[in-house]
Every structure is written in structure tokens, then in C-alpha cells.
Amino acid sequence: MVKFWRSLSRYEKALLILFALTTPFVHAQVSGDGVGYYAYARSLLIDHNLQFAGDWHDPKNELLNVYLDGHIIPNPITKTGHLPNFWSVGPAMMWAPFLVAAHWAVLGLNRLGWHINADGYSWPYLVAMASATILYGFAGLFLSYRLARIYVEERWAFLATLGIWLGGSLPAYIYVLPALSHAQSAFCSALFFWYWLRTRNTRTYRQWIVLGLISGLMIDVRFDSIVLLLAPLLESLSAFAAAWRIRQTEPHSLRKLSFSNVLYALAVVVAFLPTLITRQIIFGNPFRFGVYTSQPWNWTSPAFLRVLFSTSHGLLVFTPILVLAIVGLFLLLQGGYPEAKTYLAVTLAFYCFISVCPWWHGTIGLGNRYFISLTPLFVVGLAVTFSRAVRIWGEARAAMWRLGTITALLVIWNLGLIYQWSTMLLSTRNEVRWDEVVYNQFRVVPGQLLQDIGERFLPQRNSNSGK
């Protein structure tokens, strides 16, 4: 452990220290969409089935009024006799080692005389789930930092990681709603891009398989992450074109490349099997994705502008720091990095995909939460923007202070929005009124936030202590 700590740079140590300091702010709870994600793990671990009877006690009303925002079939029982679960199984897979350890601990403590409910919802299970979420979230940010380090100095990668970490929507789904899928999605996409780039030009057959397994897990966690597979697709198309040109002199290149892609595709399918199997069990069809395939998509009227600028979850309206991140992805094109075009293509394709989605706004989330899957690319883009900004001020130290101040202001503003959202001061479904948002940010949030922190972390006085 000491050797590992010494191997880290000062900026990496700073990230780890900040991670440790933020862990007490995690709310170990399961609510909203988190019930659907968590139900896979709890039902299998405790009930040893996928009936979900212990998760939705009144499924018709709960699913209709709370979780699917009015989009649900009238009869909640599927043809296989199961309660429906439209959410992905990937988060439960990633929580599983932590929850199994918590379950064994609960059983062991109960044998020693403790009395802890072994139902999957008592505090050891929730703490295990929340701990796993924050670990995955931080690991994704750390990998994103390492990815950005390829293109810029360490200070800019560090500052960009802080900016995306605390200046976007991710904190809401690490600390406030840890039972959702977004922290795991950020980790999987960061691992995917880091490993894809690391093995890009010299990838062996084994590495193709590993990349395929990472890709499949990434889609298990969030189905919309399938767009990110555009990266290896573009890479392979370029490689096939090059191999075709030299097919006369190197005839084995096409066969080797074809075999590599077959291995990759098979690995993706294998890693995606948990989704297909659970869908078969629950719905009687491995390709039945519930409301996501039964609702009309916006193919003829994409929400291009609303995705970015709507006062109801608009990406750039609620997370303005991403403006700088997107600019950076364009700036990276000037650096001569061949993967820069892929980063930009993936970002634009993901944006188009979300624009035609029936729930492009992210329903009741903070900002447009779907774009959390692009966390590593946003960190890279923001880091590049910061590094280029040095040219404005000339001296790196002066630029660091100025950019650090800008980032701090954006982070403070964002944390205020997260607090408003988590305490229902900010509308979670409808368009917001920005005069109210600004008023709350400066007049309501500071005092109420300090009071909440005091109640959470400071010992409470006994009102009868003086009597």
C-alpha cells in the first residue's frame, strides 16, 4: 500500500484525498429508478429468484406513478408470471461482490447474537451498495484523468477531472442516488476508452476479447452505451481499408483482422448474456426491452435544440462547464491525434441518439443525466481547453489560478443546483424558472445547506439535558 501511494503523483494523491473526504456525503438509499436496478441483486441474493415480490409491493401503482412516468402496460404481470423490470441488470452485476460480502457478514453477525434484517434493505446492504457506487464512480474519474494525461500536462488533467466530477450531473448519482446506473456507466466508459486507446495499434487476440467483455458489460449497465462501440467499429473499418490496399503483398492481414473482429463480437455477446437471459426469464423474450421499445421514438422530429438548451434538463443550460469540454474535443483535432476524430464522432452520435429517444430529457434527473456516459471524453475535452487557454495568459501559473477560479465558481454553482434538486427546491420534471433558481442559490441554499450539514455530522444536543 505504501509502495502504491509513493508511486502516485501529487495530483493523483490529491484526487484520492478528495475522494476520501467526499465519502461521508453518500446517501445509502434505494429510491426512484434505483429500485429497478437494485431489485436484480436483492431478489437473486435474498429470494433466489427474479419475481421482485419483495421490491414492488403494489407494482401496478408503483411502476405507473413513480418509476415509468405514466408509460407502462396496464397489466404489470408478464407472460412468464414475473413482475416486469425494465431497468438494466449491469449495475446489480457490479454491486454483487459487495452485496454478497455484506450478506455473509449479516448472517455471521446474527449467529453471534446481532439482530440485523437479512432482507437486502437493512443498513449493511445499503452501505455496501453505496460504497460500491462511489468506488466505481471515482475509479471512472481516475481512469478519465489518466486518459487526459495522454494529451495535456498533469495539472490540466487534474483540474478538468475536478471540473467534470463536481461541475456536472455525476455527483447527484454518486452521492444522492447511488442505486442508479450512472456512476457504473462512467466507470465502464472510462475503462472502455482507456483500454481501447492503450491497445489500439498493437491489440492481440486476447486483448480483443478483453475489449469485447468490457464493451458488453458497458451495455449491460446502460443500453444507450452501445453508441460508444462506434470507436472500435471506426477503427476496424479503417484497418480493413488499409488491409485491402495491401492484400497482394500481405494477404494474411485481412484474415487476421477478420478473426480479431469475430472474437471481439463474440466477447461482446458473451458479456451481454446476463441481459439477454434475465429478459428471457422475466419477459419470455431475450430482446424484450419493455417501454423502451414500445414507445415511439423521435425519428422525424429529433430534439436537437431541446437536448442542449431546454430549461427542462437542457445539457448546456444545467451543466455549462460542458461547453468548454465540447470545445476541447474540437481543439484536439488540431493536435494530430488520430483518435480525436473518433472521440468527436462518438460524442456527436451519442447526442443524436439521445435526441431521438422518447425520454431525451432524462425524466426526473438533474440536467441530462444520460450524457454521464461520456464522462471520459468530457474530461479529455475540458483538459485540452484548459491547456490551450495557457496561450491567452502566457504563464502557466497565472493560467492555473484563473482557470481554477473559473472551475471553482462553476462547481459551486453546480453543487447548489444539486442541493436544490435533492431537496425539491428545483423542479425535477417541468421547466424551471431561472429567477427562482438564482434566488434560491443565493438566499436559500447557503443557510439551509449549513443547517443540513450540521444535523448530519454534528452531535445533536439533548433538549432535556438542562432539566
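In this text, all values refer to a predicted model and were calculated from it rather than measured experimentally.

Caption draft 1: Main features of the overall build of the protein chain. The secondary structure content of the protein chain amounts to 20 helices and zero strands. Relative to the compact-globule value of 23 Å for 467 residues, the protein chain shows a C-alpha radius of gyration of 23 Å, a close match. Overall, the protein chain is about 90 × 60 × 55 Å in size when its C-alpha atoms are taken along their principal axes. Of all 467 residues assigned to the protein chain, the portion counted as buried reaches 52%. Per element, the accessible surface of the protein chain, about 22,200 Å² overall, is 64% carbon and sulfur.

Caption draft 2: Spatial organisation of unusual backbone geometry. The phi torsion at Phe52 lies on the positive side, around 65 degrees, for a residue other than glycine. Judged by its relative accessible area of 0%, Phe52 falls in the buried class. The backbone phi angle of Met424 is positive, close to 65 degrees, even though this residue is not glycine. By the element assignment, Met424 lies in the loop between α19 (396-422) and α20 (434-457). Given a relative accessible area of 60%, Met424 falls into the exposed group.

Caption draft 3: Molecular detail of a nonpolar patch on the surface. Taken together, the side chains of Ile209, Leu213, Val269, Val270, Leu273, Ile277 and Ile281 make up a nonpolar region of the molecular surface, amounting to roughly 540 Å² of accessible area. Within the residue set of the nonpolar patch, elements represented by two or more residues are α10 (205-221) and α12 (252-283). By residue number, the principal contributor to the nonpolar patch is α12, which donates five residues. As for its position among the elements, Leu213 is in helix α10. Exposure remark for Leu213: the relative accessible area of 38% places this residue in the partly exposed category.

Caption draft 4: How the structure looks around the packing of aromatic side chains. Summed over all chains, the structure comprises 26 aromatic pairs. Considering the side-chain rings of Tyr205 and Phe259, the 5.0 Å spacing of their centres and the 90 degrees angle between planes classify their relative orientation as edge-to-face. A residue pair is termed long-range when its members are at least 10 positions apart, and Tyr205 in helix α10 and Phe259 in helix α12 qualify at 54 residues. Owing to a relative accessible area of 41%, Phe259 belongs among the partly exposed residues under this scheme. Seen in terms of ring centroids, Phe318 and Trp434 are 5.4 Å apart; in terms of plane orientation they differ by 50 degrees. Their pairing is tilted.

Caption draft 5: Highlighting helix α6 (residues 123-149). Taking 1.5 Å as the rise per residue, α6 with 27 residues should run 39 Å; its terminal C-alpha atoms sit 39 Å apart, in good agreement. With 20 of its 27 residues buried, α6 lies for the most part within the structure.

Caption draft 6: Structural view of the nonpolar core. Core analysis: the largest hydrophobic core is formed by 136 residues, its most contacted members being Trp95, Leu99, Trp165, Phe192, Phe193, Tyr343 and Phe371. By residue number, the principal contributor to this core is α6, which donates 15 residues.

Caption draft 7: Geometry of the packing of helix α9 (residues 182-198) against helix α18 (residues 375-393). Viewed as axis vectors pointing N to C, α9 and α18 meet at an angle of 65 degrees, and their least axial separation amounts to 7 Å. Accordingly, the angle class assigned to the pair α9 and α18 is roughly perpendicular. Each of Ala186, Ser189, Ala190 and Phe193 in α9 lies in contact with α18, whose residues at this interface are Thr375, Pro376 and Leu377. For the contact of α9 with α18, the residue count by class is five nonpolar, two polar and no charged.

Caption draft 8: Focus on the packing of helix α11 (residues 230-245) against helix α17 (residues 339-356). Put simply, α11 and α17 touch, their axes get as near as 9 Å, and they point 135 degrees apart. In this view, α11 runs oblique relative to α17, as classed from their interaxial angle. Handedness of the crossing formed by α11 with α17: right-handed. Taken together, the residues of α17 that come into contact with α11 (itself represented by Leu230, Ala231 and Leu234) are Thr342, Ala345, Val346 and Ala349. In the contact of α11 with α17, the residues fall into six nonpolar, one polar and no charged.

Caption draft 9: Up close: the side chain of His313. Considering the arrangement of structural elements, one finds His313 in the loop between α14 (304-309) and α15 (315-318). In terms of polar contacts, His313 uses its side chain to reach the side chain of Ser312, at 2.9 Å.

Caption draft 10: Inspection of the pattern of salt bridges at higher detail. If you walk through the whole model with that rule in mind, you get nine salt bridges. Here Arg222 ties to Asp224 by a salt bridge, and the two come within 3.2 Å at their closest N and O atoms. One exposure class covers both Arg222 and Asp224, and it is buried. A salt bridge links Arg433 to Asp435, with the nearest nitrogen and oxygen atoms 2.9 Å apart. Through salt bridges with shared partners, one network takes in Arg42, Asp47 and Asp55.

Scoring rules and cut-offs
Residues numbered from 1 in each chain as written. Predicted model: local features only at pLDDT ≥ 70, side-chain atom pairs only at ≥ 80, totals over all residues. Heavy atoms only, no water. Helix = DSSP H or I, 4+ residues; strand = E, 2+ residues; numbered from the N terminus. Rg over C-alpha atoms; globule rule 2.2 N^0.38 Å. Buried < 20%, exposed > 50% of the residue type's maximum accessible area, 1.4 Å probe, protein only. Areas by Shrake-Rupley, 256 points an atom, 1.4 Å probe, with all protein chains shown as cover. Patch = residues over 30% accessible without salt bridge, like charges linked within 9 Å, V, L, I, M, F, W, Y side chains within 5 Å. Salt bridge = Lys/Arg side-chain N within 4 Å of Asp/Glu carboxyl O. Phe/Tyr/Trp six-rings, centres within 6.5 Å; stacked < 30°, edge-to-face > 60°. Expected span 1.5 Å × (residues − 1). Core = buried A, V, L, I, M, F, W, Y, C linked by side-chain atoms within 4.5 Å. Axes fitted to C-alpha atoms, helices over the stretch in contact; angles between N-to-C directions. Parallel < 35°, antiparallel > 145°, perpendicular 65-115°, else oblique. Contact = heavy atoms within 4.5 Å. Nonpolar A, V, L, I, M, F, W, Y, C, P; charged D, E, K, R; others polar. Left-handed = near helix turned anticlockwise from the far one by under 90°. Polar contact = N/O pair within 3.5 Å; in protein donor to acceptor, adjacent residues only side chain to side chain.

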